[in-house]
Amino acid sequence: MAHRIITQIALVGSRVIGRAFVEAWRQAQATQKYAKATAATGTNTTLKAHAGLTLDEACRILNVKPPQNGAMDEAMLMERFKKLFDVNEPGKGGSFYLQSKILRARERIESEVREAGEKARRAEELEKGWKPKVYK
């Protein structure tokens, strides 16, 4: 009798582990397909706080012009951000949802400017050539 119970436990346990392994394999295959598809289109697979918010939407939310060649009037951006953020303060009857949209819009624009600046800096460095600092 005891050997039957032990055999049943072993069989049920192996089924559960087998099903979990198969499901993990399927998820890994789906993730790999997704990664290949995004790599082929050139989209970034990393998740960011502003995921789903385009640069155009961010500019419309804050009512600013899109950055030109990686440059933007940061003072105007912060002025618009602070004004809209304060107006939508939940304690003053504003909306937390709108406040978070305003924050994400600012982050999206700042990341775009930062990425463009970094790209320009790398291009300049490649043009001039890399000259490491050597201390003697």
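Treat the numbers as computed from the prediction; the structure is a model and nothing was measured. (Residues numbered from 1 in each chain as written. Predicted model: local features only at pLDDT ≥ 70, side-chain atom pairs only at ≥ 80, totals over all residues. Heavy atoms only, no water.)

1. Observations regarding the overall build of the chain
On a plain count of helices and strands, the chain comes out with 4 helices and 0 strands. Its helices and strands taken in sequence order, the chain reads α-α-α-α from the N to the C terminus. Over its C-alpha atoms the chain spans a radius of gyration of 26 Å, topping by over 25% the 14 Å that the globule rule assigns to 136 residues. The principal-axis extents of the C-alpha atoms in the chain amount to approximately 80 × 60 × 40 Å. Within the chain, the fraction of its 136 residues that count as buried is 17%. A separation of at least 24 residues holds for 54% of the contacts in the chain among residues at least 6 apart in sequence. Accessible surface, the chain as shown: approximately 11200 Å² in total, 59% of it carbon and sulfur. In the chain, 25 positive and 16 negative side-chain charges are present, and the distance between their average locations comes to 10 Å. (Helix = DSSP H or I, 4+ residues; strand = E, 2+ residues; numbered from the N terminus. Rg over C-alpha atoms; globule rule 2.2 N^0.38 Å. Buried < 20%, exposed > 50% of the residue type's maximum accessible area, 1.4 Å probe, protein only. Contact = heavy atoms within 4.5 Å. Areas by Shrake-Rupley, 256 points an atom, 1.4 Å probe, with all protein chains shown as cover. Lys, Arg positive; Asp, Glu negative; His and termini not counted. Charge placed at Lys NZ, Arg CZ, Asp CG, Glu CD.)

2. Here we look at helix H4 (residues 96-128)
Helix length check: H4 (33 residues) gives 48 Å between terminal C-alpha atoms against 48 Å at 1.5 Å per residue, within 8%. Every buried residue belonging to H4 is among Gln99, Ile102, Ala105, Arg106, Arg108, Ile109, Ser111 and Val113, and all of these are buried. The inward-facing, buried residues of H4 contact helix H2 (55-62) and helix H3 (74-87). For H4, the N-terminal cap is Ser95; the gap from its side-chain oxygen to the backbone nitrogen of Tyr97 is 3.3 Å. Count one or two residues on from H4 and you reach Gly129, which has phi positive near 95°. (Expected span 1.5 Å × (residues − 1). Polar contact = N/O pair within 3.5 Å; in protein donor to acceptor, adjacent residues only side chain to side chain.)

3. Observations concerning the side chain of Arg80
Along the polypeptide, Arg80 turns up in helix H3. Apart from residues no more than four positions distant in its own chain, Arg80 is found in contact with Leu62, Asn63 and Val64.

4. What about the confidence of the model for the chain?
Scored by pLDDT, the chain comes out at a mean of 86, with 93% of its residues at no less than 70. Mean pLDDT in the chain bottoms out at helix H1 (residues 2-41), which sits at 88, and peaks at H3, which reaches 93. (pLDDT = per-residue confidence, 0-100.)

5. Quick word on unusual backbone geometry
Positive phi values are uncommon outside glycine, yet Asn63 reaches one of about 55°. The residue Asn63 is located in the loop between H2 and H3 in this model.

6. Regarding the domain arrangement of the chain
When the domains of the chain are assigned, the result is domain 1 (1-45) and domain 2 (55-128). If you average the C-alpha positions of domain 1 and of domain 2, the two centres end up 42 Å apart. (Domains from an automatic or database assignment.)

7. Some points on the pattern of salt bridges
Under the defined criterion, the tally for this structure stands at 8 salt bridges. For the salt bridge of Arg60 with Asp56, the shortest nitrogen-to-oxygen distance reads 3.3 Å. Residue Arg60 and its partner Asp56 are both found in helix H2; the two are separated by 4 residues, about one turn of the helix. For Arg60, a relative accessible area of 58% gives the class exposed. The salt bridge involving Glu118 is made with Arg122; its shortest N-O contact spans 3.8 Å. A residue pair is termed a helical-turn pair when its members lie 3 or 4 positions apart in one helix, as Glu118 and Arg122 do in helix H4 at 4 residues. Of the residues examined, Arg122 reaches a relative accessible area of 45% and is grouped as partly exposed. One continuous salt-bridge network, built from bridges that share partners, spans Glu118, Arg121, Arg122 and Glu125. (Salt bridge = Lys/Arg side-chain N within 4 Å of Asp/Glu carboxyl O.)

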